[in-house]
Amino acid sequence: MHDKQDESLMALIEEFLTARATRKPSPHTLAAYRRDLHTVAALVAEATPLPLDALLITDLSPRVMRAAFARFAAPRAPASVHRAWSTWNSFFTFLVADGLVAGNPMPAVGRPRALLPQPKPLRGADTPEVLLASAARDDGRQRDPWPERDVAVLAVALCAGLRLSELLALRVGSLGGRPGERRVEVVGKGGRPRVVPIEADLDRVLMDYLASRVRRFGSRSVRPDSALLVDRRGEPLRRGGLQYLVESCYRRAGIGDRVPRGARLHALRHTFATRLAEDGASAAEIMRLLGHASLASSQTYIEVTAGQQRDAVRANRTNRALAGLLPTDLG
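The rules behind each value
- Residues numbered from 1 in each chain as written.
- Predicted model: local features only at pLDDT ≥ 70, side-chain atom pairs only at ≥ 80, totals over all residues.
- Heavy atoms only, no water.
- Phe/Tyr/Trp six-rings, centres within 6.5 Å; stacked < 30°, edge-to-face > 60°.
- Helix = DSSP H or I, 4+ residues; strand = E, 2+ residues; numbered from the N terminus.
- Lys NZ or Arg CZ within 6 Å of the ring centre and 35° of its normal.
- Pairing = 2+ DSSP bridges.
- Buried < 20%, exposed > 50% of the residue type's maximum accessible area, 1.4 Å probe, protein only.

Undergrad: So what exactly am I meant to see when it comes to the packing of aromatic side chains here?
TA: Note on aromatic pairs: each is described by the distance of the centres and the angle between the planes. According to the stated counting rule, one finds 9 aromatic pairs in the structure shown. Centroid distance Trp 88 to Phe 91: 5.4 Å. Interplanar angle 85°. Geometry classified as edge-to-face. Placement of both Trp 88 and Phe 91 in helix 4 (residues 78-97) is noted, with a separation of 3 residues, approximately one turn of the helix. Members of the aromatic cluster, connected to one another through ring pairs, are Phe 16, Tyr 33, Trp 88, Phe 91, Phe 92 and Phe 94. Over the ring of Trp 85 we find Arg 111; its NZ or CZ atom is 4.0 Å from the centre of that ring. One Lys or Arg, Arg 216, reaches over the ring of Trp 146 and ends 4.2 Å from the middle of that ring.

This is the structure in structure tokens:
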């Protein structure tokens, strides 16, 4: 084992975070790691006569960690405690693998059972259709209306089930295939790639949007390496801009009360999955289309064919709602 008996806890935390950064987690994920590590470490320091910066890794015995997590858990939800436990378990696993400590004390620390998150789709049988129809209208109250872009953003989320980070990462070149066999190539969590079929109506919405973009910013704006989703200045949409765009679409459609709290943009992805299930798609098809690693922690990953995936997307009635939303005359 490396001689790290006098290594400070905070220095090792930074070493761990640097190592995790090479896996390219999102900034929010990395910030959550740091917050969980620092918060529990501060609780350990409060229970000792040592300041936080003077804590050594050898000060973190199973007994100390149990006491710190008991205090951490008291005011927090089980999901937050479980996430922090997993972060600390990963931290100690990293230290053991590098020979910096002899063992991992976290198995001796209790943790709540991880509950599977409940889907939070848009409420109301016709809400997706109301939302899309509202976005397609040229709203005179907007300073610079761009209905083609707004419909494209909502339609990709509702008919392809992409996460916020996946939407932002899309490029014009992510759309591929011949008409009738169009698909979008997505890089999901953990860098896992997947391909989602694009049906004809969504394909038309996207082509209308790109044509409107050429009219606004010129043909150079739709090069293959250009961001697929842009703001009204032609700049790539960022997280805050995308969230604001979707929120404004909710407001214009008057459906704010149908959007679950805590799942504003993600509600579109949940709606995609919920409608697939309602319209007959299997759990394996939904898992594949959403880019989940498994059906559940105890179940094996189930492969489905591209044809089955396309049939599942075709069954999603939101695709059919896209027909006739925007004019086909692009002249």
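Undergrad: Would you mind going over the sheet that holds strand 2 (residues 183-187) with me for this structure?
TA: The strands making up a sheet associate through backbone hydrogen bonding, with each pair oriented either parallel or antiparallel. The 3 strands are arranged 1-2-3 in an open sheet whose pairing can be described as antiparallel. Only two strands of the sheet have a single partner each, and these edge strands are strand 1 (175-176) and strand 3 (193-197). Relative to strand 3, strand 2 runs antiparallel, the two being bridged by 5 bridges. Paired with Val 184 across the two strands is Val 196, which belongs to strand 3.

Undergrad: What exactly am I supposed to notice about the pairing of strand 2 here?
TA: Both faces of the sheet carry side chains from a regular strand, because those side chains alternate between them. The side-chain alternation of strand 2 yields one buried face, formed by Val 184 and Val 186, and one unburied face, formed by Arg 183, Glu 185 and Val 187. Of the strand pairs in this sheet, strand 1 and strand 2 are connected by 2 bridges, and their pairing is antiparallel. In the sheet register, Leu 175 faces strand 2, and the bridge partner there is Val 184. Counting the residues between successive antiparallel strands, the hairpin from strand 1 to strand 2 contains 6 residues, one of them, Gly 177, with a positive phi of roughly 95°. Linking strand 2 to strand 3, which pair antiparallel, is a turn of 5 residues; within it Gly 190 sits at a positive phi near 70°.

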